[in-house]
Amino acid sequence: MRYQLAPLFCRPWTLNGISPRLIESHYENNYGNALNRLNALTEELELLDRATTPAHVLGRLKREESAALNSTLLHELYFASLGGDGRAVPEAMAAALVRDFGSVDRWRQEFIALASGLANDTGWAVLTYVPRDGRLINQSATDHSQSIAGGIPILALDMYEHAYHLDFGANATAYIATFMRNIDWNAVQGRYEDAVKVAPPRRLEQKEFGDVPAISVEEVASMLKAGTPVQIIDARPRHYTTKAQDIMEGAVWRDPERVDDWIGELSKTEPVITYCVYGFHIGCQTAITLRKAGFDARYMAGGHYAWKAIKGPVKLLQ
Ligand SMILES: [Fe+2]
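Criteria and thresholds
- Residues numbered from 1 in each chain as written.
- Predicted model: local features only at pLDDT ≥ 70, side-chain atom pairs only at ≥ 80, totals over all residues.
- Heavy atoms only, no water.
- Salt bridge = Lys/Arg side-chain N within 4 Å of Asp/Glu carboxyl O.
- Helix = DSSP H or I, 4+ residues; strand = E, 2+ residues; numbered from the N terminus.
- Buried < 20%, exposed > 50% of the residue type's maximum accessible area, 1.4 Å probe, protein only.
- Core = buried A, V, L, I, M, F, W, Y, C linked by side-chain atoms within 4.5 Å.
- Contact = heavy atoms within 4.5 Å.
- Expected span 1.5 Å × (residues − 1).
- Pairing = 2+ DSSP bridges.
- Axes fitted to C-alpha atoms, helices over the stretch in contact; angles between N-to-C directions.

Requested: an account of the pattern of salt bridges, with residues and values cited.
In the structure shown here, the tally under the stated rule is ten salt bridges. Here Arg60 makes a salt bridge to Glu64, at a shortest N to O gap of 3.5 Å. Highlighted residues: Arg60 and Glu64, both in helix α2 (residues 55-81), separated by four residues, approximately one helical turn. By relative accessible area, which is 33% here, Glu64 ends up partly exposed. Put simply, Lys197 and Asp194 hold a salt bridge, and the shortest N to O gap is 3.8 Å. For Lys197, a relative accessible area of 67% translates into the label exposed. Asp194 gets classed as partly exposed once you look at its relative accessible area, which sits at 48%.

Describe the nonpolar core, and please don't skip the residues or the numbers.
Within the largest apolar cluster, 50 residues are counted, with the highest numbers of intra-cluster contacts made by Met93, Leu97, Trp107, Leu136 and Leu157. Aside from chain neighbours lying at most four places away, what touches Leu136 is Met93, Ala96, Leu97, Arg99, Asp100, Phe101, Leu127, Thr128, Tyr129, Ile154 and Tyr192. Judged by nonpolar contacts, the second largest core, of 14 residues, contains Ile232, Ile273, Ala306 and Trp307.

Quick rundown of α2? Include the residues and the values.
With 27 residues, α2 extends 38 Å from end C-alpha to end C-alpha; this agrees with the ideal 39 Å at 1.5 Å per step. Just downstream of α2, Gly83 is the residue with a positive phi angle, here 125°.

Before we move on, could you go through the sheet that holds strand β3 (residues 152-158) and cite the residues and values that matter?
The strand order across the open sheet built from three strands is β2-β1-β3, with neighbouring strands paired in antiparallel fashion. One side of each edge strand has no neighbouring strand; the edge strands of this open sheet are β2 (135-142) and β3. Strand after strand, the sheet turns through a mean of 20° between neighbouring axes, direction not considered. The pairing of strand β1 (residues 123-130) with β3 spans six bridges and is antiparallel. Residue pairing in the sheet places Ala125 in a bridge with Leu157 of β3. Sheet strands touched by helix α7 (residues 185-195): β1, β2 and β3. Its angle to β3, the strand with the most contacts, is close to 150°.

Shown next as structure tokens:
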């Protein structure tokens, strides 16, 4: 494929304190070069004989392709970030910044500090929306890389020297302040509104256990930390526990095949949490059995390994 050039988004003559000459040079030379490099690399990769190309050659070309593609995309976003007065953050965008940073000022301080830190380096300060968590995050991307997987950048500040040297010399601080004064917030908000429509990655859905209430390992950890009375049952199958070495702290192992033998030990006044190895079947089934018997039972999503993955305390399984 051939990547297409995007026309310059902002109107250089309307910018406040950034000269058209700088924007023209930046667009023509740096953005243009990134796009041309990207197309050259794409062509080289297309023509490559996969059977005879050494792995390290392919690896290098793919790294260069990523850098050229990110440079192209971030430059397009950079030019699309400019053209406003930088001051009036529209309502929906302001609310999102308050939600994720505490206040618009706190976002601004962090973004400026992040950009300032790149002044003697090379990279981008980027405001990115992450659909997985439904939140915004400031990030730096040095060498046109380190973009957040699945993240959607909505505002980008180019901190490569070529982006400011012509007008500002080495004065990166003045350049950053000028950029902030020229942010087109309406355009940023438009991109934010598009980004929030992107569905988060699909979560594990257990249709067969859809009606059984689950609890996350983080919630269980908070309950234990707060001293909330709770009965935790490790319901990993017997054959599994013979080779397992550890058990969640605060849990007791009970054989899921013999619920009738131990159900009488449980109290109905305290909630019960059950779990198995990965949280797929046995923990859910045990929770169903207990719920039918009138217990306030839930299964711990992700099971034993999810607990260990959040570094929840474990003890030796006796
Ligand atoms: Fe640039």
